[in-house]
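Residue-level structure breakdown
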Amino acid sequence: MTSVAEIFETMEYGPAPESDKPAREWLAAHDGAFGQFIGGRWTAVAQDALFDVQEPATGKPLARVTQGSAADVDAAVKAARAALPAWRDLPGHARARHLYALARAIQKHARLFAVVESLDNGKPIRETRDLDIPLVARHFYHHAGWAQLLESEFPGYEGAGVVGQIIPWNFPLLMLAWKVAPALAAGCTIVIKPAEFTPLTALLFAEIAQEAGLPAGVLNVVTGDGSTGAAIVDHPDVDKIAFTGSTEVGRVIRRATAGSGKKLSLELGGKSPFIVFEDADLDSVVEGVVDAIWFNQGQVCCAGSRLLVQEGIHDALIAKLKRRMETLRLGRPLDKAVDMGAIVAPVQLERIRTLVEAGRDEGASMWQPSWACPTEGCFYPPTLFTDVAPSSSVAQVEIFGPVLVAMTFRTPSEAVAIANNTPYGLAASVWTENINLALDIAPKIKSGVVWINATNLFDASAGFGGYRESGFGREGGKEGMYEYLKKAKTPSTLDARRSTLASSNGKGSGERRASSVEEILPAIDRTPKLYVGGKQARPDSGYSRRVLGADGQVLGVVGDGNRKDLRNAVEAAHKASGWARTTGHARAQILYYVAENLAARGDEFAARLSAMTGGDGAAEVQAAVARLFTYAAWADKFDGAVHDVPIRGVALAMHEPIGVVGVAAPDESPLLGLVSLVAPLVAMGNTVVAVPSERHPLAATDFYSVLDTSDVPGGVINIVTGARDALATVLAEHDDVDAVWYFGGAEGAAAVERASASNMKRTWAEWEPRDWTGADGEGREFLRAATQVKNVWVPYGE
Ligand code: NAI
C-alpha cells in the first residue's frame with residue numbers, strides 16, 4: 001500500500017477505471033454476434049461467415065461480426081438505391097431535422113459510444129469521451145445546417161446518389177461521422193463499411209440512427225475486410241466512393257474507379273512535419289509534440305511524426321521531450337488516468353516493430369522512456385529517433401504508431417525543403433513566436449492543413465484533406481459538401497424546392513379544439529409581460545394595451561412599454577455582450593433548441609396566431625421553426641474571406657457582430673416576421689431589443705416562454721411590447737443602441753432613419769412590406785446586415 005505522503009511525493013496516479021458494463025450489456029443483447037444492417041434491419045447471423053473482433057488491450061474476443069459478401073454489398077446497394085428518391089427529394093429542412101436528431105442521439109448515448117470505442121480500438125477513454133464523440137456530435141450539428149441551407153447555398157446541385165464509404169480503424173466513429181453527415185445532408189444514401197478491426201461503433205450507430213427515426217435504407221452498414229470494401233468499390237450502381245485509409249489501397253481504388261464515372265474522394269496517409277523554430281515557446285512545443293504523435297498512439301493520418309528542429313535548440317528540446325516522455329502514462333484504455341492506450345491489432349504492432357528495427361539498422365538513435373511497457377495486450381511505448389537521415393525509411397515511411405523522428409535544419413528555407421521532402425502532403429505544424437515567419441512558411445508547405453503553434457485541431461466547419469499522395473477531396477466545411485453533390489439535371493425542380501419552407505412534418509392543425517372541460521371552465525388569466533434580461537417585467541407605465549382578434553373580439557392584453565422599459569432592455573442587452581464571444585456552434589445549438597421547443601408547442605402557437613390574424617397559424621409556426629433552423633445552420637457558417645491584397649501577405653476579412661440591435665417587427669406574419677429578424681442577429685452574436693408587431697403582439701409574448709426554456713442567456717433577446725413606431729424611434733435615438741432594423745412601413749421607416757443620426761447608427765428600414773414566408777424572408781441579406789466586416793492586414797515574409 002502506498003501512503004498518501006508517498007503519493008504526494010511520486011505523484012503516482014491510481015487507476016480510475018470507467019465501467020464497461022453498459023457496453024458489454026449492449027454486446028450481450030446482440031448475443032455478441034452481428035449480421036449486416038441493411039434496409040433498416042439486421043440480417044440473420046450466418047455462423048460460418050462470422051469473424052472475431054478483439055479487444056486490443058487484452059487480446060480477448062469482444063464480439064463476432066459478419067464478413068460481408070458481394071451479395072451482402074449488393075443487397076445494401078439495392079436498399080440504398082430504393083431509399084434514394086424519397087430521401088433526396090425531401091426539403092433540406094426535413095433532412096436537417098434528421099441530422100439534428102442524430103446529433104442529439106449521439107449526445108444522449110455519448111458515454112456508451114465512448115466506452116465501446118475504447119474497448120474496440122484500444123484508445124484511451126479520455127480521448128473517446130472528450131474528443132472523438134463530441135466531434136462526432138459536432139459534425140452532425142454542423143451538417144444539419146448544410147442540409148437546411150442546401151437549396152439556397154448550392155442552387156442547381158443535388159445529392160450525388162448512392163455513396164459507398166470505406167473507413168479505417170483509427171477513429172472509427174469519427175471517420176463515420178465525417179463521411180455520413182455530409183452525405184446525409186446532401187441527400188445521398190449510404191453503404192458504409194467500417195474497418196474489420198473496429199466495426200462496433202458503426203453498428204451501434206446504425207441501431208441508434210434507426211431509433212432516431214432515420215428512414216430505412218438511407219444508411220446501410222456492411223462489415224467485412226478489404227474484399228468487402230472492394231465489392232463496394234466495384235459495384236456498378238454506386239455513384240460515389242469515399243475512402244480513408246492507406247495510400248496503397250487508395251491507389252487500388254483510384255485504378256478500380258477510373259473511367260467508371262464514379263465520383264471519388266481519398267483521404268490517405270501522411271508523414272507530417274512538425275517544425276520548431278528557435279524562438280518557439282519550448283514548453284508549449286513539448287505539449288504540442290505529445291498531442292501530435294502520442295495522441296491515439298500515433299495512429300493518426302495527420303500525426304506530426306517528423307520533428308524538424310532548428311539546430312540551436314535541438315539539444316534543449318530533445319532533453320525536455322525525454323523528460324516529458326518519462327511522465328506519459330500508458331495503460332488500460334478504460335483507465336481515465338492514462339495518456340496512451342493500446343495499438344489496434346497485433347499486425348499493426350508488428351508493423352511498428354519492424355519499421356523501428358529498420359530505423360535502428362539504418363543507424364538512427366532510438367530512445368524510449370525507462371518505465372516498463374505492458375507485455376500483455378497490444379502496447380507500444382512512445383519512441384523517439386534522433387540522428388535521422390532525411391532519406392532514411394523512418395523519415396519517409398508512415399509508421400502509424402507512437403514513433404517520432406527528429407531532424408535538424410538551419411534556415412527557414414531548409415525547413416521548408418525538408419518538410420516537403422515526402423510524397424505526402426496532409427498536414428503540418430509550425431512553431432514560432434514570429435507571426436511573419438509563421439505566415440511566410442505556411443503557404444510554402446505542401447499540405448492541406450497547416451497549424452500554427454498548434455496541432456491536430458479539427459472541426460466540422462474547416463475542411464480537411466491532403467495534397468499529393470495524401471489524397472484529394474476535402475471533408476468538412478462547405479468544400480466537403482461538394483464531394484457529395486452533383487449538378488442537378490433539372491435545376492428547376494430544385495429551385496421550386498428552394499422556397500419550400502414548410503417541413504415534411506405537417507403537424508398542427510392551426511385550430512386548437514377546446515376540450516369539453518375547457519368549454520365549461522373559464523380560462524386561467526394569462527398576463528403577458530415584457531421580457532427584459534431574461535426575466536418577465538411589468539411595464540413601467542403601469543398600462544396595458546388591448547389585443548383584438550381577427551373577429552374584433554378582445555383576445556388579451558399586453559404591457560404598454562415606454563422609454564424607461566427600453567432603457568432597461570438596452571442595458572440588459574449590453575450586459576449580455578458575452579454572447580458575441582460564444583462560438584457559432586454554441587449559438588447554433590441554442591437556436592436549434594428554441595426551434596425544438598417552439599415545435600413542441602406548435603399547436604398552441606398556431607391557434608393563437610390564427611385567432612389574432614385569421615391566417616394559417618400552423619403554416620406560420622412551421623415556417624418559424626424552419627427559419628430558426630436556417631439561422632442555427634448559418635451560425636457557424638457565415639465565413640469571412642481572405643483577400644488577395646497587393647502586398648506580400650493576407651487581409652483577413654472577418655465578420656463581427658454589430659452589438660446591440662433594436663428591432664421593430666412587422667404586423668404581417670407576427671411570429672415569423674419577428675423570428676426572421678431576431679434569429680439572424682442572434683446567430684451572428686448580436687444582442688437584441690425587439691418591439692413586436694403592434695397589432696398582433698401575443699405571438700411574441702408567448703415566444704419568450706420558449707426562450708426561457710431554451711437556454712437563451714438572459715439579455716440576449718429582450719422584448720418590449722407597445723406603440724411600435726414610437727418605441728422604434730426611441731431605439732433609433734438611443735446612444736447605446738448600435739443599429740436598428742425597422743420593418744413597419746414607410747412612415748415609421750423615415751422616422752427611424754432621421755432619429756438614428758445622433759450616434760450614426762446603422763439602420764435597415766424597409767418601406768415596403770415583405771413576403772416573410774418565402775426565400776425573401778431569409779438568407780445572406782439578413783446576415784450581411786447583422787454583421788460588419790473587419791479587415792485584418794497581415795503582411796509577412798522575409
Ligand atoms: P487499409 O487502407 O488497408 O484499410 C482501410 C480500410 O480500407 C479498411 O476498412 C479496409 O477493410 C479497407 N480496404 C482494404 N483493402 C481494400 C480494397 N482493396 N478495396 C476497398 N477497401 C479496402 O489500412 P490498414 O491495412 O488497416 O492499415 C495499414 C496502414 O495504412 C497503416 O499502418 C497506416 O499506415 C495506413 N492507414 C492510414 C490511415 C489514414 O487515416 N490515413 C488509416 C488507416 C491506415
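Above: the structure in question.
As a starting point, this report considers the structure included with it. Quantities reported herein were computed from a predicted structural model and do not represent experimental measurements. (Residues numbered from 1 in each chain as written. Predicted model: local features only at pLDDT ≥ 70, side-chain atom pairs only at ≥ 80, totals over all residues. Heavy atoms only, no water.)

**What about the side chain of Ser470?**
On the secondary structure map, Ser470 appears in the loop between strand E18 (449–452) and strand E19 (471–472). From its side chain, Ser470 meets the backbone nitrogen of Leu426 in a polar contact 3.3 Å long. Contacts of Ser470, omitting those with residues within four sequence positions, involve Leu266, Glu267, Leu268, Gly269, Gly270, Tyr424, Gly425 and Leu426. (Helix = DSSP H or I, 4+ residues; strand = E, 2+ residues; numbered from the N terminus. Polar contact = N/O pair within 3.5 Å; in protein donor to acceptor, adjacent residues only side chain to side chain. Contact = heavy atoms within 4.5 Å.)

**A look at the sheet that holds strand E32 (residues 787–795)**
Here three strands make up an open sheet; going across it, the order is E25-E26-E32 and the pairing antiparallel. Two strands bound the open sheet, and with one partner strand each, they are strand E25 (641–643) and E32. With direction set aside, neighbouring strand axes in the sheet form an average angle of 30°. Judged from the nine bridges that link them, strand E26 (residues 649–657) and E32 form a sheet pairing that is antiparallel. Counterpart to Val650 in the pairing with E32 is Val794. (Pairing = 2+ DSSP bridges. Axes fitted to C-alpha atoms, helices over the stretch in contact; angles between N-to-C directions.)

**Things to note about the state of the cysteines**
All told, the structure shown has zero disulfides when counted by the stated rule. Residue Cys302 stays outside any disulfide, its sulfur separated by 4.6 Å from that of Cys301, the closest cysteine. (Disulfide = S-S within 2.5 Å.)

**What to know about the sheet that holds E18**
The strand order across the open sheet formed by seven strands is E14-E15-E16-E13-E12-E17-E18, and the pairing between neighbours is mixed. Each end of this open sheet is capped by a strand with a single partner; those strands are strand E14 (365–367) and E18. Strand-to-strand twist of the sheet, defined as the mean angle between neighbouring strand axes without regard to direction, takes the value 20°. In this sheet, strand E17 (residues 427–431) lies alongside strand E12 (residues 272–276) in parallel orientation, the contact comprising three bridges. Across the sheet, the residue bridging to Phe274 is Ser429, located in E17. Taken strand by strand, helix H12 (residues 282–294) contacts E12, strand E13 (304–310), strand E15 (383–386), strand E16 (403–409) and E17, and its axis lies near 170° from that of E12. Against the sheet, helix H13 (residues 314–327) touches E12, E13, E14, E15 and E16, its axis set at about 165° to E15.

**A look at helix H4 (residues 92–108)**
Between its first and last C-alpha atoms H4 spans 24 Å; for 17 residues at 1.5 Å apiece the expected length is 24 Å, and the two agree. Burial runs high along H4: 13 of the 17 residues are buried. (Expected span 1.5 Å × (residues − 1). Buried < 20%, exposed > 50% of the residue type's maximum accessible area, 1.4 Å probe, protein only.)

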